[in-house]
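Remarks on the overall topology
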Amino acid sequence: TYELSLKIRNVSSLSRRCRVVPPKTGYFSISLENNVVGLKEFEPVNPHSTILTRAASMPTGAGPAHGLLAPGMAVGYTVRFTPDSLRNFNDSLVVCSEWSNFEVLLSAVRPPVNLTLPSTIDCGYCRVNSSICMSLTVVNNGGPGSFIFSDKPESKLASEDDYSKDFSLGPFKISPMAFSLRSRESRIVQFKFIPKEDKEHHQEIYLCCDNMEILNYQLVGSGTNPTVELINISGVPVQNTCGTTLVVFDNITIGSTQTKILTYENSSRVPVPYHWTNTSKVEGNCIFISPLSGLFPAQQQLNFEVKFCPERIQPYSSFLKLCLESEAGQDAVVNTLNLVGEGRGLLVSLEPPIITNLDIPFTTNSVSKRTLFIVNDSDCDIWFLFEGKSDEVKELNNISEYKLMEWANAKQKNDKQFKTNDFINLKFLPRIGRAQAHTKTPIQVHFSLLRAGIVECGLRCHIRGLADPLSILFEARVQGPTLRVEPDTLELGVMQVGSEVEVQATLINISEVPIEFILLNAADLLRHESWRREKEGSEVSSTSKSDFQPQYVFVPPAGRLAPHESMVVTVFYLPLEAYSIRDTIEIQVAGGETLLVDVHGESQLPNVVVQPSNVKIDLIYTETPVQFTVTLHNQSALETEFQWAVIEDRNLAQTTFHPVAGILAPGQSLPVEVTVTVLQTGPLRILIPCTIRDGEPFAFSFSCPNVLPPSISICDSKTLLEKQEMDVEDGRSIEEFCEYLVLAALSKSLNEPEQQWIPEVDFGQVPLGTIATHYLNIRNHSLMGQIVPTFKFTDMTAPSSLDELLKTANKNIPIQNKKGSSSILSNTRQSLVPFSGKGGAQYSQRRIDNQNLNTLMNTFAKKGCAMVFETGSGTISVAAGSMQTLPLCCVAALPGKYVTSLQIEGQGISGSSIKLKVEVTGNTLAFVPGFTTGLLLNSPIAKLQFPQTTIFDKQLLKRTFRVNNQCGQAIPIQWKNDSDNFQIDPTICTIPPNSFSTFVATFAPPFGSAPNKYIAKTRCVPDIGPSLDLLIEAATLQPELELYPSTLKYNECYSGQPQKKTVCLTNKSLAQVKFRLIVESQEEGIFTVISVAKISYLDLRSDENPTYLSISNEYNLNPNDKLIVVVEFNPSNAFTNYVSRSLIIDFSGHFQRLPLNANVITPNFTISTKDIHFTDEERGSIKKLVITNTTNYPIPFRVKYLPTVQPISIQNSESHKNLTPFEKLHKSKFDVRSMDYDGIFELIPTSGLIPEGSKSNPSRTIIDIKYVGVVNTVTSFRSTYRLESEENDRFLEFTVTADKISTEYSRLVE
């Protein structure tokens, strides 16, 4: 039985009578529920009816009182359904009242089934009297159900036995007969088809469901008999396949195989199993068919392979039957084959039958090869074995066929040449193998003959299956080895004693066999034997302790030559003394004659002479090179090497040779240039030696009767001499000339070299930044030769010439070339004054500007000035009787007096020096550029600018600068200042020479003063040179930041939901600002600075990756830097509407404000009513309190009970003692204090969340209030509740009241 509840509610404003007409069928019934609310005093017409009527007058307490269905009240019914089967049921009931009637439909329906079984089940083709089974998976995609197969379209329910039975209908069988499937469940149903006749079968079947639904299906299948026929034999069609078919094989040799292909066709639609049976009674059957059994595919052809493999020489015959199998076990013979064939013997021979070679002889020990063929005319492959032993022949005939290949490989794995007799070695490739049918198999025969003469022998070949071996005759003529030497005589030629020579000879093997040989010399063998005896102590001598040195060395000393192969042998010979050689070399051949090779040669010593052997020169000056030529003659037939001995005597002479060493060919003459430099005066005679490799040394003599010193002079001139006369003593004063005469006379009396006059070069005063030039005039008064003096400055760090100085310095100087000017000097040379003098020398007078001069001097002239040559290096060449001029430049770089010297190296004046003096005039002090930020040097007076600062910055500003001392000596200085706001430290100091000192300038602005600009002039006063002036500038300004946005506005802020805003503070001034961030009137949790990040103006990447700073009290911002500040506002319950504060930027007393304004939205809600009243009749009913939220913020709430009123009994009240009961009852409605009791009302829920809403679309939450009530009370009830928000302190109170009249006072009223 199934039950459902039905409620009928009176929706009108009047009380109504209600009557229910029950369903028509007995499957549905209806009854009234207990405790019907609002249905007063109804009774059924009869005990079994559900029609309710108003009862007549009934005694009080005897039954239900009279009543109606009140407005808004409902009456409940229970509808019951009791089915007798699982089919679908439909019915209805009618509800009647005096106002209207309406029908209520009743329906009990099960979900329909939906099976995946196809409507037509085709089992296909099946062989008659056989069976075929088909399994289908049935899925129920509908409601659950039980099913049973039937042959009639009638409703049928399955029993428990039907689930295990099979259902048969004609040739079809279904398993199981019945089954059950739930929704989405599946199972396998098998359909078996067993035809008894050759025809098509159709059956209609029904599937009955337990909900009385019947499904219709069709079963289809075809029975057929198989038909198998022979189509062709090896492609030849067969006409008559009935009875026995004759198959004839060719007569083939034993061991071979012939195959025929039989093709059968199954023309039926069903596959048929088959097998072959052999009815032959002949032993040793050699006819096979495959496959022996299997399955004939439907409507396809099948090939069978029949092989005939005769093992004996005899005829063969066999009968094979093709049988078709059936399930009943009765095989049907389709076709019989009669197979006939005959085996014949093997046909094998060897070609050629004889191997002979009598015309062209073989060579002993040489390996030769010949090819012979195994001709197999048989129908099968044959196995062969050459020169087999008795056990090998036995294994060849007895081993099974499938192991022959493994046996042959094992036998031939290490098969080498074998000796059949004393005069021949044989090797067959292959020796064991298989020759295919109807082919010629080549066999390589490798043989070597061991003796000369005529050789005859027979070669045997064993064939598997043949009793007698095949043989072949071998005949050959053999000769011994032969060696030839080219050339037959070795010519060593002319040799140098002690020098090893080599010669080559070619050995040729002209025979057909390999030859082994050894080379030796009989004289070396005798010498080695004598040395060995001496070493053993038979004869004691000094040579017995040394190693043996053979005269002949052969490479290689022995070897092996293949037939017709040649080899080059190198013979090394070491001559020990000078003599003519007539000797022989022996070549011993293994098994042959020894060959003798003659050796001829002659050994000599080298002989070289020099011409002339005496060289005499009448006049020579000291330190003046003298050149002459001598000739070397090689008078021997040997090539030799020579080496001159170079003389390096500083007190006597020095020699050079060209070439100093070399090689002289036999009979060659070689001229040699000799240069002699004499270093002492007087008569001279020296020997100049030369050494010869492996020969005697020789020498020639060099002499001079009188060696004189050179005569040179040097003078200085400020200008270039126009005439260069040799008899003029330029630049000498009378005092200087007299001093020179005294020194010359003193040197002559002391027999010393004449002293040369060396001038002093005084440049005088040279302005700073210019180049002064003097000219050194060098005269050579000698009568022959030339002098090459070299001038070097004492300061070796300076460049040697002005060109080199300019090139080096201009590497770092930007060059602006003028048209037609030099790329190196275009930026430095101001004028070119070409001039020429005697000897073709050209000079130029140059000047350089201040910028390049400073660059040059800062790089090279660390001592204040640079002494350089005008062009080139300091080495010049002065011919005899001529004069050369050497321009000398002084580059004035730093002020001061400088003294240096010019060293002279050369003939007659070595070790002398020229004194150089110069005085550079100009400024001694200068500022070092590029070191100090804010130092400007391009104005008439140097300026030092401080960065702008704010008036509230208490920190001192500093600037560091350097002053350079350009003088070559230390300079004391003192700073003088006319302002108290600026200070320079140190005020007094001493700057080292050619160095700098560092100074610190400080600026202290007056604190709190108005913005202003400060200027002061300071002066650096040195003890040497002019003063250095410096103008110092500084400025102060009012601190101010640019704010964006200018006001932070926080809109629609909710309590408990923090809101963040970002402000950008930009320093638009030119000074660094320092400040602190303070929030005005900072209550906890209202406005808070939570993040500070800095964006540097100079850092291009800081916009993408700002630098986050810690939240500290003070921040620094450089010009154009930005500070990103994030301020969070967290509203609390104390703020209800609008909050206004300021973010104060404190610049050490000066303030800048950023307004912070926030609009706080406090969560607000309302209730539908504050007073809820229940009457006594409404006890147990529910009233609703609606809470409305008009803000877009969800509000969590809770309801609290407030105990406010205590109950007081009216019987104890003095004011009611004299009243009548009716008056007391009437007055109690207004005077009696209500009872306050929490359990009298039930509120659901007492806590929760009011969803967010809006003013246009507010959200609502309903609280159900149920009046529970207490029986027999004399007072009313009044309870106060508070609806509180959990987010803030907001709350609303509402009151729930209820009237209750006791039974005692009700009777009094009646």
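All values derive from a computational prediction rather than experimental measurement.

So, about the overall build of the chain. Along the chain, the regular secondary structure elements total eight helices and 98 strands. Among the 1310 residues that make up the chain, the fraction classed as buried is 41%. Within the chain, counting contacts between residues at least 6 apart in sequence, those at least 24 apart form 70% of the total. Only carbon and sulfur atoms are counted for the fraction: they give 50% of the accessible area of the chain, which is about 70400 Å².

The set of residues buried in helix 1 (residues 390-398) consists of Glu392, Val393 and Leu396. Down the axis of helix 1, the sector holding all buried residues measures 100°, keeping them to one side. Facing away from the buried side of helix 1 by more than 90 degrees, the exposed set consists of Ser390, Lys394 and Asn398.

Let us look at unusual backbone geometry. In this chain, Glu486 is followed by Pro487 through a cis amide linkage whose omega measures -10°. Tracing the backbone through its elements, the reader meets Pro487 in the loop between strand 38 (483-486) and strand 39 (489-496). The peptide bond linking Asp985 to Pro986 adopts the cis configuration, its omega dihedral lying at 0°. Tracing the backbone shows Pro986 in the loop between strand 75 (982-985) and strand 76 (988-991). The phi dihedral of Met212 is positive, around 70°, even though this residue is not glycine. Assignment of secondary structure puts Met212 in the loop between strand 16 (200-209) and strand 17 (214-224). A positive phi angle, near 50°, is found at Glu387, a position not held by glycine. Inspection of the secondary structure puts Glu387 in the loop between strand 31 (382-386) and helix 1.

The strand order 38-40-44-42 describes an open sheet built from four strands, whose pairing is antiparallel. Where the open sheet ends on each side, the last strands, each with one partner, are strand 38 and strand 42 (552-555). When the angles between neighbouring strand axes are averaged without regard to direction, this sheet yields 25°. As defined by bridge partners, strand 42 adjoins strand 44 (residues 566-573) across four bridges and the pair is classed as antiparallel. By the bridge assignment for strand 44, Phe554 is matched with Val571.

A separate point is the pattern of salt bridges. Considering all chains together, one arrives at 21 salt bridges under this definition. A salt bridge links Glu392 to Arg431, with the nearest nitrogen and oxygen atoms 3.3 Å apart. Of the two residues, Glu392 sits in helix 1 while Arg431 sits in the loop between strand 33 (424-429) and strand 34 (432-435), which places them 39 residues apart along the sequence. Take Arg431: its relative accessible area is 6%, and that puts it in the buried class. Close ionic contact of Arg1019 with Asp1029 constitutes a salt bridge, the shortest N to O distance being 2.6 Å. You can see Arg1019 sitting in strand 78 (residues 1013-1022) and its partner Asp1029 sitting in strand 79 (residues 1028-1037), a full 10 residues away along the chain.

Moving on, we come to the state of the cysteines. Here the structure, examined in full by the defined rule, presents zero disulfides. Sulfur of Cys209: no disulfide; nearest cysteine sulfur belongs to Cys208 and is 9.0 Å away.

The strand order across the open sheet formed by four strands is 90-92-96-94, and the pairing between neighbours is antiparallel. At either end of the open sheet lies a strand with only one pairing partner, and these are strand 90 (1165-1167) and strand 94 (1241-1244). The mean angle between the axes of side-by-side strands here comes to 25°, regardless of whether they run parallel or antiparallel. Pairing of strand 92 (residues 1182-1189) with strand 96 (residues 1259-1267) involves eight bridges; the strand directions are antiparallel.

Applying the stated criterion across every chain, the model contains two cavities of 30 Å³ or more. In this structure, the largest cavity encloses a volume near 50 Å³. Considering the residues around the largest cavity, the lining is formed by Val485, Leu490, Ala505, Leu507, Leu519, Val569, Val571, Ile585, Ile587 and Val597. Elements supplying a minimum of two residues to the lining of the largest cavity: strand 40 (501-509), strand 44 and strand 45 (580-589). Looking at the lining of the largest cavity, its residues break down into 10 nonpolar, no polar and no charged.

Okay, the pairing of strand 16 next. Relative to strand 16, strand 11 (residues 145-150) runs antiparallel, the two sharing four bridges. Paired with Phe147 across the strands is Cys209, a residue of strand 16. Bridge count for strand 16 against strand 17 is nine bridges, and the pairing is antiparallel. Bridge pairing in strand 17 links Leu207 to Leu215. Between strand 16 and the antiparallel strand that follows it, strand 17, lie four residues; Met212 among them carries a positive phi value of about 70°.

Attention now goes to the side chain of Lys260. Examined against the element boundaries, Lys260 turns out to sit in strand 21 (residues 258-266). In this structure, Lys260 is buried with no salt-bridge partner, the nearest side chain bearing the opposite charge being Asp250 at 5.7 Å. Once residues within four sequence positions are removed from consideration, Lys260 is found in contact with Ile233, Ser234, Val247, Val248, Phe249, Phe304, Glu305 and Val306.

One can find Pro1155 in strand 89 (residues 1150-1161). Sequence-wise, Pro1155 and Thr1047 are 108 residues apart; in three dimensions their C-alpha atoms are separated by 5.0 Å. The contacts of Pro1155, once residues within four sequence positions are left out, are Ser1046, Thr1047, Leu1048, Arg1141 and Ser1142.

This part covers the packing of helix 1 against helix 2 (residues 404-412). Each packed pair of helices is defined by two parameters, the angle between the axes and the distance between the axes. It is the contact of helix 1 with helix 2, at a shortest axis distance of 10 Å, that shows an interaxial angle of 160°. It follows that helix 1 is roughly antiparallel to helix 2 by the angle criterion. For the element pair helix 1 and helix 2, the recorded crossing hand is left-handed. Along its contact with helix 1, which presents Glu392, Glu395 and Leu396, the element helix 2 presents Leu404, Trp407 and Lys411. A breakdown of the residues in the contact of helix 1 with helix 2 according to their chemical character gives three nonpolar, no polar and three charged.

Two aromatic rings are characterised by how far apart their centres lie and by the angle between their planes. The tally for this structure, following the rule as stated, stands at 43 aromatic pairs. On the basis of an interplanar angle of 55° and a centroid distance of 5.0 Å, the ring pair of Tyr552 and Tyr573 is categorised as tilted. Linking Tyr552 in strand 42 with Tyr573 in strand 44, this pair joins segments that are 21 residues apart in sequence. Judged by relative accessible area, Tyr573 falls into the buried class, the value being 2%. Ring geometry for Phe1075 and Tyr1115: centres 6.1 Å apart, planes at 40°, overall tilted.

Averaged over every residue, the pLDDT of the chain is 77; the share at 70 or more is 80%. Looking at the elements of the chain, mean pLDDT is at its lowest for strand 62 (residues 835-836), recorded as 28, and at its highest for strand 13 (residues 172-175), recorded as 93. Here residues 37-67 scores under 50 on pLDDT; set against residues more than four positions off or in separate chains, the count is 61 contacts. Contacts from residues 1205-1213, a stretch scored under 50 in pLDDT, to residues over four places away or in other chains number 14 contacts.

What counts and how
- Residues numbered from 1 in each chain as written.
- Predicted model: local features only at pLDDT ≥ 70, side-chain atom pairs only at ≥ 80, totals over all residues.
- Heavy atoms only, no water.
- Helix = DSSP H or I, 4+ residues; strand = E, 2+ residues; numbered from the N terminus.
- Buried < 20%, exposed > 50% of the residue type's maximum accessible area, 1.4 Å probe, protein only.
- Contact = heavy atoms within 4.5 Å.
- Areas by Shrake-Rupley, 256 points an atom, 1.4 Å probe, with all protein chains shown as cover.
- Arc of directions from axis to C-beta.
- Pairing = 2+ DSSP bridges.
- Axes fitted to C-alpha atoms, helices over the stretch in contact; angles between N-to-C directions.
- Salt bridge = Lys/Arg side-chain N within 4 Å of Asp/Glu carboxyl O.
- Disulfide = S-S within 2.5 Å.
- 1 Å grid on protein atoms, 1.4 Å probe; cavity = no way out; pocket = protein on both sides within 12 Å on 5 of 7 lines; lining within 4 Å.
- Points joined across faces, edges and corners; volume = space filled by probe spheres on them.
- Nonpolar A, V, L, I, M, F, W, Y, C, P; charged D, E, K, R; others polar.
- Lys, Arg positive; Asp, Glu negative; His and termini not counted.
- Parallel < 35°, antiparallel > 145°, perpendicular 65-115°, else oblique.
- Left-handed = near helix turned anticlockwise from the far one by under 90°.
- Phe/Tyr/Trp six-rings, centres within 6.5 Å; stacked < 30°, edge-to-face > 60°.
- pLDDT = per-residue confidence, 0-100.

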